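Inside the fold
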Amino acid sequence: TELGGEIEEKNKNDFGTKADRLSEKMITKTLMRAFPHMGILGEEFARRGGEEEYWVIDPLDGTTNFIHEYPFIGISIAMIQRGEVSLGVVYDPLREELFEAVRGEGAFCNGERIRVSVAEDLSQALIGTGFPFNAQDYLDIYVESFKRVLPACHGIRRAGAAVLDLSHVAAGRLDGFWELRLKPWDMAAGALIIREAGGMVSDFFGQNGYLSSGNIVAGNPAVYKELLEIT
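Report on the accompanying structure. Since the structure is predicted, the reported quantities are computational estimates derived from the model, not experimental observations.

Here is what the cut-offs are and how they apply
Residues numbered from 1 in each chain as written. Predicted model: local features only at pLDDT ≥ 70, side-chain atom pairs only at ≥ 80, totals over all residues. Heavy atoms only, no water. Salt bridge = Lys/Arg side-chain N within 4 Å of Asp/Glu carboxyl O. Helix = DSSP H or I, 4+ residues; strand = E, 2+ residues; numbered from the N terminus. Buried < 20%, exposed > 50% of the residue type's maximum accessible area, 1.4 Å probe, protein only. Lys, Arg positive; Asp, Glu negative; His and termini not counted. Contact = heavy atoms within 4.5 Å. Pairing = 2+ DSSP bridges. Axes fitted to C-alpha atoms, helices over the stretch in contact; angles between N-to-C directions.

It is worth spelling out the pattern of salt bridges at this point. Within this structure, the stated rule accounts for three salt bridges. Put simply, glutamate 97 and arginine 173 hold a salt bridge, and the shortest N to O gap is 2.8 Å. With glutamate 97 in strand 8 (residues 97-102) and arginine 173 in the loop between helix 4 (162-170) and strand 13 (176-179), the pair connects residues that are 76 residues apart, well separated along the chain. A relative accessible area of 38% means that arginine 173 is categorised as partly exposed. A salt bridge links lysine 147 to glutamate 144; the nearest nitrogen and oxygen atoms lie 3.6 Å apart. Of this pair, lysine 147 and glutamate 144 both sit in helix 3 (residues 139-149), three residues apart, roughly one helical turn. The exposure class of lysine 147 is exposed, given its relative accessible area of 52%.

This is how it looks when you write it as structure tokens:
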């Protein structure tokens, strides 16, 4: 709460706090000491170093939640190697849950293997989403997709921290997720964790361009397929 007291406006819908900066400072210092050859791309700064191997960091996803003491925030770290996410970690400090995955080795939460849900179609599915952040031009596009998804699914939730939404898809708590105009640090770790948990992730064209476009659809295989068709 003390850290959330000093808020500086970065732009209309995005606030930075001392917590963002302190968290990122701690993470980057640790990573740079342990992996000095690797670059870092973070929310609070531009890329530093390495093009082939680098870390992608979101030191505090859900900053607005943090400011208002709404208990849904997460920290995300992913390793990129030659254009592919090879390792992803998402930490929920309030629930003390650590979601993690290494490419080809499965997905885990606090050491226990996790799998996506077994919902067989969209009508049974609880879907996560997020409103376009800092992208008012995309709001109309999002609203149209929302109108299509809402009547087709069992329910929609918007909690305000994409790194946790994606992790909850991997753990089977949400059956699917879609959002527009996210940043690479919002998606990189969570997307790998979903895939390693048996789920599917893509951009709105069914391709692998979500990290560059910021548009993502994810879910268990059945729900993902239907969600992709209507978003």
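The subject of this paragraph is the side chain of glutamate 179. Tracing the backbone shows glutamate 179 in strand 13. Despite being buried, glutamate 179 has no salt bridge partner; arginine 158 is the closest side chain of opposite charge, sitting 5.8 Å away. What glutamate 179 contacts, discounting residues up to four positions off in sequence, is Thr129, Gly130, Phe131, Ala162, Phe204, Gly214, Asn215 and Ile216.

What follows is about the sheet that holds strand 15 (residues 216-219). If you walk across this open sheet you meet the five strands as 12-11-13-15-14, and the pairing is mixed. Here the strands that pair on one side only, and so sit at the sheet edges, are strand 12 (155-157) and strand 14 (200-202). Ignoring which end each strand starts from, the neighbouring axes of this sheet average 15 degrees apart. Alignment of strand 11 (residues 126-130) against strand 13, held across four bridges, turns out to be parallel. Paired with glycine 128 across the strands is phenylalanine 177, a residue of strand 13. Taken strand by strand, helix 4 contacts strand 11, strand 13 and strand 15, and its axis lies near 150 degrees from that of strand 13. In the packing of helix 5 (residues 184-196) onto the sheet, contacts are made with strand 14 and strand 15, and the angle to strand 14 comes to roughly 145 degrees.

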